[in-house]
Amino acid sequence: MAALMRSQAAQFILGALIGGAGGAVFAWLHMPLAWLTGSLLAVAAARFAGLPAEGSRQARNALFGIIGIALGAYFTPATAALLTEKLPLVLVAALASLGVGAALAPLLARVGRVDMATAWFSSIPGGVADMALLADSYGGRAAPVAVTQLLRICFVVILVPNAFALFGFHAEHPWAASPLPFLPLRLLLLYCGGLAAALLLVRVGVRVGWLLGPLVVTATLTASGVPLSGVPPWLTAIAQVALGASLGTGFGREALRSLRRFLPAAILHVVALMTCCALVGMLLGLIWGESLGTMLLGTAPGGVAEMSLTAKTLGFDVALVVILHVTRIFLVSLITPLFFRVLHRRSDSGT
């Protein structure tokens, strides 16, 4: 047992070192979202090469709190008041993103030659573990769902920031221009409060509670005018490396080899999903008069942490991006199983 623990610890350390090195190289190259994407690609390459690099889920969950605090600091009183006026936009954007995934599910089932449960939970933008478990509970296959969801997140994380940089998409959002001073004791107290909220959310079944708990606590205090501590860049970089390493470990040889016939369909599906969500973001931005970059990030089928960090890096409206993604996460957990049960029942009754 002790030898196994030592082996696991060595694999986690190896993953952290490889991820940190990849992030450092990307930072040196001035790549967007460097520490996250560099860590992800470096660990994925190591895994594909057969190296026993692992990402620690416990470290990722603990460091999610740092990202949540950094993002929650953007919810100033002025931001909170403005977001209440944008509730119709937030709801329409979230429902439209989910609608795109639902509409593409039958195509994935046909092209990928999988059952509808597998295609449905692969197509809806949600958590990797959540969607895989739901697919399994409805008679689908968990492995294709997990790979498709992981590909979706990784494609968005890698392609979106670099596309923004390539086309010169950036902004100077007024609430993103004044970083808070680093006050270690206040940050520690804030982290402890956020961790308590995260544990509560996870206990009641909120999978992204490790991020949302600290984010909600920080956003509530910030919107109330309570002076808080900023998060230093080096600490955010460490958190991004942990997140990138965790994502990169999903690309082992065996996992990809067992799904080699499904992978081309999954890749095409992810590209189609990203394209359609981008069109939705552009259309809603034109209708509501919002920044194109903010709406593209807010409707992108990526994770809330990754897209919000991209918004933070490029100077877009972080608070709106966070709200758009959190609303979609809530709706995914609330209505996706219900919609599938309704459609599945109709399909069964029609056969």
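Right above here is the structure, for reference.
Summary of the structure given here. Keep in mind the model is a prediction, meaning the values are calculated, not measured. (Residues numbered from 1 in each chain as written. Predicted model: local features only at pLDDT ≥ 70, side-chain atom pairs only at ≥ 80, totals over all residues. Heavy atoms only, no water.)

Structurally, the position occupied by serine 56 is in the loop between helix 2 (34-48) and helix 3 (57-72). On the basis of relative accessibility, which here comes to 18%, the residue serine 56 falls in the buried class. Reaching out from serine 56, the side chain makes a polar contact with the backbone nitrogen of alanine 59 at a distance of 3.1 Å. (Helix = DSSP H or I, 4+ residues; strand = E, 2+ residues; numbered from the N terminus. Buried < 20%, exposed > 50% of the residue type's maximum accessible area, 1.4 Å probe, protein only. Polar contact = N/O pair within 3.5 Å; in protein donor to acceptor, adjacent residues only side chain to side chain.)

Right, let's get into helix 5 (residues 87-112). Under the 1.5 Å per step criterion, the end-to-end length of helix 5 is 37 Å for 26 residues, consistent within 8% with the ideal 38 Å. The largest bend along helix 5 reaches roughly 30° and is located at alanine 105, with the proline proline 106 sitting one to four residues downstream. (Expected span 1.5 Å × (residues − 1). Bend = angle between axes of the 7 residues up to and from the residue.)

Here we come to the packing of aromatic side chains. This structure, assessed with the given rule, holds five aromatic pairs. Considering the side-chain rings of phenylalanine 121 and tyrosine 138, the 5.6 Å spacing of their centres and the 20° angle between planes classify their relative orientation as stacked. Here phenylalanine 121, found in helix 6 (residues 116-123), pairs with tyrosine 138, found in the loop between helix 7 (128-137) and helix 8 (142-166); they are 17 residues apart in sequence, far enough to count as distant. (Phe/Tyr/Trp six-rings, centres within 6.5 Å; stacked < 30°, edge-to-face > 60°.)

The subject of this paragraph is a nonpolar patch on the surface. Taken together, the side chains of Val92, Leu283, Ile287 and Trp288 present a nonpolar region at the surface, about 380 Å² in accessible area. Looking at which element gives the most residues to the nonpolar patch, the answer is helix 13 (residues 263-288), with three residues. Structurally, valine 92 can be placed in helix 5. (Patch = residues over 30% accessible without salt bridge, like charges linked within 9 Å, V, L, I, M, F, W, Y side chains within 5 Å. Areas by Shrake-Rupley, 256 points an atom, 1.4 Å probe, with all protein chains shown as cover. Salt bridge = Lys/Arg side-chain N within 4 Å of Asp/Glu carboxyl O.)

A few words on the nonpolar core. Note that soluble globular proteins tend to have their nonpolar side chains buried in a common cluster. Residues Ile67 and Leu297 are the most contacted members of the largest nonpolar core, which totals 74 residues. For leucine 297, the residues in contact, after removing those within four places along its chain, are Val160, Phe164, Met307, Thr310, Ala311, Phe316, Val321 and His325. Listed in part, the 15 residues of the second largest apolar core include Ala117, Ile124, Met131 and Ile335. (Core = buried A, V, L, I, M, F, W, Y, C linked by side-chain atoms within 4.5 Å. Contact = heavy atoms within 4.5 Å.)

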